[in-house]
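Summary of structural features
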Amino acid sequence: VCLTCCSRDVMVKIDQICHKNSVKFFTGDVFGYHGYMFADLGEHEFVEEKTKVTKVSPGVEDGPDTKKAKLDSSETTMVKKRVVFCQLKEALAVDWSGEKAKTALKRTTPDYFLLQ
């Protein structure tokens, strides 16, 4: 489901319905030079191919690079990963006065609060 030009209450309500029924949800809007986009994709599981790291055997090489791990591009392993997206209601309910939010506040553009 994709929503644009909707009120905050409508977006939250539609997202809750979509999240409950495992339907992907996108919303966004543009106001002149400012805009926003939000995606609630529910739960997503995927497999990622990673290159194996091999440790160098002691005594094989000399020099400063001896202790560093080396990538062996011929050997790979599959790693299963899972991502859980939050709902719009949770994203909008961030408490900016908490200790944890102080570090995020430094990285958040003032435009975010303008759009709120």
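Notes on the structure follow. (Residues numbered from 1 in each chain as written. Predicted model: local features only at pLDDT ≥ 70, side-chain atom pairs only at ≥ 80, totals over all residues. Heavy atoms only, no water.)

Here we take up the overall build of the protein chain. Helices and strands together make up the secondary structure of the protein chain, namely four helices and five strands. Across the protein chain, helices and strands are ordered from the amino to the carboxyl terminus as β-α-β-β-β-β-α-α-α. Residues counted as buried form 14% of the 116 residues belonging to the protein chain. Put simply, 55% of the contacts in the protein chain that link residues at least 6 apart link residues at least 24 apart. Approximately 9,300 Å² of the protein chain is accessible, and the part contributed by carbon and sulfur atoms is 57%. (Helix = DSSP H or I, 4+ residues; strand = E, 2+ residues; numbered from the N terminus. Buried < 20%, exposed > 50% of the residue type's maximum accessible area, 1.4 Å probe, protein only. Contact = heavy atoms within 4.5 Å. Areas by Shrake-Rupley, 256 points an atom, 1.4 Å probe, with all protein chains shown as cover.)

What follows concerns the packing of aromatic side chains. Across all of its chains, the model carries four aromatic pairs by this definition. Ring centres of Phe31 and Tyr36 lie 6.4 Å apart, and the angle between their planes is 25°; this geometry places the pair in the stacked category. Taken together, the ring pairs connect Trp96, Tyr112 and Phe113 into an aromatic cluster. (Phe/Tyr/Trp six-rings, centres within 6.5 Å; stacked < 30°, edge-to-face > 60°.)

Below, the discussion takes up the nonpolar core. Of all hydrophobic cores here, the largest spans seven residues; its members are Leu3, Met11, Val12, Cys18, Phe25, Phe38 and Leu88. Counting residues per element, this core draws most heavily on helix α1 (residues 8-20), at three residues. Ignoring any residue separated from it by four or fewer positions in sequence, one finds Cys18 in contact with Val1, Val23 and Phe25. (Core = buried A, V, L, I, M, F, W, Y, C linked by side-chain atoms within 4.5 Å.)

What follows covers the pattern of salt bridges. Using the criterion set out here, one finds five salt bridges in the structure. In this structure, Glu43 engages Arg82 in a salt bridge whose closest nitrogen and oxygen atoms are separated by 2.8 Å. One end of the pair, Glu43, is in strand β4 (residues 43-54); the other, Arg82, is in strand β5 (residues 70-84), with 39 residues separating them in the sequence. In this structure Glu43 comes out as exposed when scored by relative accessible area, which is 55%. For Arg82, a relative accessible area of 49% corresponds to the partly exposed category. Between Lys50 and Glu48 there is a salt bridge, with the nearest N and O atoms lying 3.4 Å from each other. Overall, Lys50 belongs to the partly exposed group, its relative accessible area being 36%. For Glu48, a relative accessible area of 27% corresponds to the partly exposed category. (Salt bridge = Lys/Arg side-chain N within 4 Å of Asp/Glu carboxyl O.)

Here we come to the sheet that holds strand β1 (residues 2-4). On the basis of which strands lie adjacent, the open sheet formed by three strands has the order β1-β2-β3 and mixed pairing. Each of the sheet's edge strands pairs with one partner strand only, and the pair in question is β1 and β3 (34-40). Across this sheet, the average inter-strand angle for adjacent strands is 15°, counted without regard to direction. Examined bridge by bridge, strand β2 (residues 25-31) and β3 share seven bridges and lie antiparallel to one another. Bridge pairing in β3 places Phe26 opposite Ala39. (Pairing = 2+ DSSP bridges. Axes fitted to C-alpha atoms, helices over the stretch in contact; angles between N-to-C directions.)

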